[in-house]
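Residue strings, one per chain:
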Amino acid sequence: MKLMKKGAEADIYQMMWQNSKAILKIRKPKNYRNSTLDSKICKQRTIKESQMLSQVKSFGIPTPLVYFVNLKNNSIIMQEIPGKPVHDLSESKIIELSKQIGKLVGMLHQNGVMHGDLTTSNFILFQNTVYVIDFGLSQNTIKSEDHAVDLRLIKEILNSAHAKIMQSAWKNFLLGYKSIVGSASFTKITKLVLDIESRGRYAQVV
Ligand SMILES: Nc1ncnc2c1ncn2[C@@H]1O[C@H](COP(=O)(O)OP(=O)(O)OP(=O)(O)O)[C@@H](O)[C@H]1O
Ligand SMILES: [Mg+2]
């Protein structure tokens, strides 16, 4: 088994699962958190992630197949998507894919799912398909306020990690998002994004 990534939250290993390339994601206890609370949080996120990876497939979101879940060590074995995180692609490719990412987020919201951790590292491009991963912080919610929090996060990520292309990427994201959720929801949610920003806890992003 090969360690692929030490994430903020979990360790990611590459392995084989019944002749297929697979990813083992193990959530490690954090020392700075109270240990009972910590194991509860890790377990909750493992359950949520494995459930949601499968749930969202039913309305057309490409995600890795879940092969095995072990709640004793909070690990998930899933299909490896052997592509590249959108974060690591060229600027022109990120601009182009932003529209598709907007559509995927629109589909999630339209079906009452908030992702909770929308970063460009959580979308993987493989054979012209954008896959969504990392559902540990996701929630079933139809509240516009929750959907606005998702949009605000990805906007912030585009602004910080992809500053040079932020304007065009965000514009394309919104085009894709609107094409799925429709004008009425779009207006409501983007207004809430501005509300969140104006609360001052967050800096406003152009
Ligand atoms: N199924 C998969 N196929 C291919 N690569 C994967 C898969 N799952 C995770 N990865 C890789 O591992 C990285 C971290 O995975 P993930 O986002 O699920 O964990 P995380 O601990 O929440 O990480 P972070 O805190 O960095 O977001 C991803 O950005 C991706 O590069
Ligand atoms: Mg991640």
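The structure under discussion appears in the preceding block.
Below, the structure is looked at part by part. In this text, all values refer to a predicted model and were calculated from it rather than measured experimentally.

Attention now goes to the pairing of strand β4 (residues 66-70). Pairing of β4 with strand β5 (residues 75-79) involves four bridges; the strand directions are antiparallel. For V69, the partnering residue across the bridge sits in β5 and is I76. Hairpin remark: β4 followed by β5, antiparallel, with four residues in the connecting loop; positive phi at N74, about 50°.

Turning to the pattern of salt bridges, a few remarks are in order. It is possible for side chains of opposite charge to pair when their charged atoms get near one another. The full count for this structure, using the stated rule, is 13 salt bridges. Between R152 and E197 there is a salt bridge; the shortest N-O distance is 2.5 Å. Residue R152 is found in helix α3 (residues 144-161), and its partner E197 is found in helix α4 (residues 166-198); the two are separated by 45 residues along the sequence. Taken individually, R152 and E197 each receive the classification buried, so the pair is uniform in this respect. Among the charged side chains, a network of salt bridges with common partners joins E9, K25, R27, R45, E49 and D134.

So, about the packing of helix α2 (residues 91-110) against α4. Orientation of α2 relative to α4, taken along the N-to-C sense of each, is 35°, at an axis distance of 7 Å. The interaxial crossing formed by α2 with α4 has right-handed handedness. Facing α2, whose interface residues are I95, S98, K99, I101, G102, K103, V105, G106, M107, H109 and Q110, α4 presents S168, A169, N172, F173, L175, G176, Y177, S179, I180 and V181. Here the contact of α2 with α4 is built from residues that sort into 10 nonpolar, nine polar and two charged.

In this section: the packing of α3 against α4. For the pair α3 and α4, the least separation of the axes is 9 Å and the interaxial angle reads 140°. Put simply, α3 runs oblique to α4. Taken as a pair, α3 and α4 cross one another with a handedness that is left-handed. When α3 is examined against α4, the residues S144, E145, H147, A148, V149, L151, R152, I154, K155, L158 and N159 are found in contact with a partner set consisting of M166, A169, W170, F173, Y177, K188, I189, L192, V193, I196 and E197.

The next point concerns the side chain of N172. In this fold, N172 is placed in helix α4. Those residues in contact with N172 that lie beyond four places of it in its chain are I95, S98 and K99.

Quick notes on the rules
Residues numbered from 1 in each chain as written. Chains lettered and ligands numbered in written order. Predicted model: local features only at pLDDT ≥ 70, side-chain atom pairs only at ≥ 80, totals over all residues. Heavy atoms only, no water. Pairing = 2+ DSSP bridges. Helix = DSSP H or I, 4+ residues; strand = E, 2+ residues; numbered from the N terminus. Salt bridge = Lys/Arg side-chain N within 4 Å of Asp/Glu carboxyl O. Buried < 20%, exposed > 50% of the residue type's maximum accessible area, 1.4 Å probe, protein only. Axes fitted to C-alpha atoms, helices over the stretch in contact; angles between N-to-C directions. Left-handed = near helix turned anticlockwise from the far one by under 90°. Contact = heavy atoms within 4.5 Å. Nonpolar A, V, L, I, M, F, W, Y, C, P; charged D, E, K, R; others polar. Parallel < 35°, antiparallel > 145°, perpendicular 65-115°, else oblique.

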